[in-house]
Amino acid sequence: MAGGVSVVPASGYYPVTLPRVLPTTTTFRRKRKLFISATAEISARNTSSSLSKRAGEKNEEMERRSFKDYLEHSKHFLTSSDGGPPRWFSPLECSSTLENSPLLLSLPGLDGVGLGLSLQYQRLGQIFDIWCLHIPVHDRTPFPELVKLVERTVRLENQRTPDRPIYLVGESFGGCLALAVAACNPDIDLVLILANPATSLGESQLPPPTPPLDVVPDNLLSGVPYLLSLMTDSPSKLVMATLEKRLPLQQTIGEMSEGAISLSSYLSVLSDVLSAKTLLWKVKLVSSASAFANSRLHAVKAQTLILSSGKDRLLPSQEEAERLKKILPICEIRCFDDSGHALFLESAIDLVTIIIGSSFYRRQRYRDYVSDYLPPSPSELKKLYESTSFIEKITSPVRLSTLENGKIVRGLAGIPSKGPVILTGNHMMLGLELLPLGSRFWIDHDIHLRAIAHPFMFKKLQENMLDLSVFDFIRVMGAVPVSPTNLYRLLSLNSHVLLYPGGLREAFHRKGEEYKLFWPEQSEVIRMAARFGAKIIPFGVVGEDDVSQLLLDYDDQIKIPFLRSYYKEFNESFRKLRTDSPGEIANQDLHLPILVPKVPGRFYFLFGKPIETEGKQELRSKEKSDEVYLEVKSEVENCLAYLKEKRKKDPYRSILARQVYQAIHGPDAEVPTFSL
């Protein structure tokens, strides 16, 4: 198209032409589909066996690219590169079908290739339209001009969709570019995702731009790419990506050999194109970017998420993240202690999970926790479960449910598979039951629980008060802030909703209050359930007193002067609920109880008989709904009483007895419990 620039990309990428007015999303997707169809028709003749194999696989998620794929595609970009100018391209697999999906602009690292998100394309492409900036290796566009290029794209997109955010994702050098664009456009709704930004260049391991590199012979610089690959842990990425597949030994060795060949070939190409003048330019460019961004940090108003690596050998990324957090007005940090500089190229990193877990994904000016939610993929669910499986192994939960005829059975057979369903029960201390409660719903029954949670889990609190990352898992699994509107919308979507009427007061109870309910006297939840014909399942859970003992509760701690003032300031930083409720129910002060661990016992869950509301018009009245509400509360208390009594007869209540059983019958054997 006249007036634009484009690049003939490697196979699998679509060139984006940037005209005076950006193409509409519909037009853009139509062009991309045509390009995909043409490419697929050509490649089908050469790779029919591969395509046939993939056609037989489950269509739940596309095969994710590997670090080896990144090396091969980067090598193609480097060898076919010209002298510029910079331009945008879009990966073919990034064809979002989500309505009103926002635009994500991927800003490259110092290499300029623009493939830094290639391992993330499959998941990101489900919720974003993705454009990647490619800066040819021999291009000499100064940093201020690169800022103007990205700025022009941002402004045009903002004119087209003013109510939709624009995401700038930058790693290292790209982080400086994102900050610079945000500083120059404070009135545009931008969301910045910065991985190890190079704003800390002055403290980095990169050489300063002052030495006369342009007079150094090229053959003396041929080792620079190899040195950088070691500093960015490229060899270890290949090894770990192969080991995580858990292939047979012979196949593992073969894949490692192929990966080593790909890395060697890539580094050889990079060494050929990286002349002394090019290296000098790159170092000067990142130095200019760092100075430009740092001088304008005060003007950045964008919502910012900084991802920092603990083993970054190029930049002091974790220290820099803390510095930027103190300067930027809307900023959160997520730390990855075992990751290196090239964070997005690590197979264990899933950027979509990070964005959703930190509540940074939205399709409009304000986040909609119901409609903006994307459930984890099966592979991501498996990772999430493995990361929390230690609780499952230690407590070996017993899950019981009640059938329609009133019979109690082991397992979740009594839980309706179709919603809307409201599961309502008691909190144990600190919500210890949440992880083992939800895991079997997801894994064994494909039921996705959406928890109604306190608003403090979603709002940035005062500095040094609380790290919100501890709640990322709950938000990834679909928790929403408590409100009648959110409950209404979840029920309208036929969801399985997890509701705790006792709230914070139950989760942070005092000594001697284990398994005591702190429910409001009245609730509108029954009438709302009746509106949608939702089934209500009361449940009880016990076991917290088998894994820990409460040493210092809230009443003990506020007797200590400095803790009393600390908690007072802390609790003033978020909105309290139920302030008009009588008695202890209104005492919702958040604090950190001091617990002493015990030799682990066991968790026990009992889900009562479902209470039907469908077709019961009488529940629309306040009197009748209050009667059912008291019935639900009574059923939860009955579940607790049943479990507390029956667990006394469990021969495997102690972890020692369970370990002996699994040593005999296998580590994955289900441990028996009391007779039903």
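The preceding data block contains the structure.
All of these numbers come straight from a predicted model, not from anything done at the bench.

(A) Representation of the overall build of the chain in the model. Along the backbone of the chain there are 22 helices and 18 strands. By the burial criterion, 54% of the 676 residues in the chain qualify as buried. A separation threshold of at least 6 residues defines the contact pool for the chain, and within that pool the share at least 24 residues apart is 82%. A total of about 30500 Å² of accessible surface is found on the chain, and carbon and sulfur atoms cover 55% of it.

(B) Just helix α18 (residues 525-532), in detail. If you check which residues of α18 are buried, you get Val525, Ile526, Met528, Ala529 and Ala530. On its buried face, α18 is in contact with β11 (421-425), α16 (484-492), β14 (496-499), β15 (535-542) and α21 (622-646). Glycine 533 sits one or two positions beyond α18 and adopts a positive phi of about 65°.

(C) Focus on the packing of aromatic side chains. This model, assessed by the stated rule, comprises 18 aromatic pairs. Note on phenylalanine 441 and phenylalanine 607: the rings are 5.7 Å apart at their centroids and 75° apart in plane angle, and the pair reads as edge-to-face. Note that phenylalanine 441 is positioned in helix α14 (residues 434-445) and phenylalanine 607 in strand β18 (residues 604-607), a separation of 166 residues in sequence. For phenylalanine 441, a relative accessible area of 1% gives the class buried. Pairing phenylalanine 605 with phenylalanine 607 gives two aromatic rings, centres 6.5 Å apart and planes at 5°, and the pair type is stacked.

(D) Just the pattern of salt bridges, in detail. Throughout the structure, instances matching the rule amount to 27 salt bridges. With a closest N to O distance of 2.7 Å, aspartate 189 and arginine 362 form a salt bridge. Of this pair, aspartate 189 sits in the loop between α6 (173-184) and β6 (190-195) while arginine 362 is found in the loop between α12 (351-357) and α13 (378-395), placing the two residues 173 residues apart along the sequence. Residue arginine 362 is classed as buried on the basis of its relative accessible area, which comes to 7%. For aspartate 472, the salt bridge goes to arginine 475, with nearest N and O atoms at 2.5 Å. Highlighted residues: aspartate 472 and arginine 475, both in helix α15 (residues 472-476), separated by three residues, approximately one helical turn.

(E) Representation of a nonpolar patch on the surface. Residues Leu551, Leu552, Ile594 and Val596 make up a contiguous nonpolar surface patch of roughly 280 Å² in combined accessible area. Elements represented by at least two residues in the nonpolar patch include exactly β16 (548-552) and β17 (594-597). You can see valine 596 is positioned in strand β17. Residue valine 596 is classed as partly exposed on the basis of its relative accessible area of 35%.

(F) Broad picture of the environment of methionine 477. Looking at the secondary structure, you find methionine 477 in the loop between α15 and β13 (480-481). Classification of methionine 477 as buried rests on a relative accessible area of 5%. Here the alpha-carbon distance between methionine 477 and leucine 381, two residues 96 residues apart in the chain, equals 8.9 Å.

(G) Just the side chain of glutamate 332, in detail. Within the secondary structure, glutamate 332 is located in strand β8 (residues 331-336). Among the polar contacts listed, one links the side chain of glutamate 332 to the side chain of arginine 334, at a separation of 3.1 Å.

(H) Structural context of the packing of α13 against α14. Look at α13 against α14: their axes get within 10 Å of each other, and the N-to-C directions meet at 140°. Taken together, the axis directions place α13 and α14 in an arrangement best described as oblique. Between α13 and α14 lies a crossing of left-handed hand. Of the residues in α14, those touching α13 at Leu381, Tyr385, Thr388, Ile391 and Glu392 are Leu435, Pro436, Ser439, Arg440, Trp442 and Ile443.

(I) A look at the nonpolar core. One finds Ile415, Leu423, Leu437, Phe441, Phe539 and Phe607 to be the most contacted residues of the largest nonpolar core, which totals 73 residues. Counting residues per element, this core draws most heavily on α21, which supplies seven residues. Leaving out residues up to four positions away in the same chain, isoleucine 415 has contacts with Leu423, Phe441, Ile447, His496, Ile537 and Phe607. Grouped together as the second largest cluster of nonpolar side chains are 46 residues, Leu168, Ala178, Ile188 and Val286 included.

Criteria and thresholds
Residues numbered from 1 in each chain as written. Predicted model: local features only at pLDDT ≥ 70, side-chain atom pairs only at ≥ 80, totals over all residues. Heavy atoms only, no water. Helix = DSSP H or I, 4+ residues; strand = E, 2+ residues; numbered from the N terminus. Buried < 20%, exposed > 50% of the residue type's maximum accessible area, 1.4 Å probe, protein only. Contact = heavy atoms within 4.5 Å. Areas by Shrake-Rupley, 256 points an atom, 1.4 Å probe, with all protein chains shown as cover. Phe/Tyr/Trp six-rings, centres within 6.5 Å; stacked < 30°, edge-to-face > 60°. Salt bridge = Lys/Arg side-chain N within 4 Å of Asp/Glu carboxyl O. Patch = residues over 30% accessible without salt bridge, like charges linked within 9 Å, V, L, I, M, F, W, Y side chains within 5 Å. Polar contact = N/O pair within 3.5 Å; in protein donor to acceptor, adjacent residues only side chain to side chain. Axes fitted to C-alpha atoms, helices over the stretch in contact; angles between N-to-C directions. Parallel < 35°, antiparallel > 145°, perpendicular 65-115°, else oblique. Left-handed = near helix turned anticlockwise from the far one by under 90°. Core = buried A, V, L, I, M, F, W, Y, C linked by side-chain atoms within 4.5 Å.

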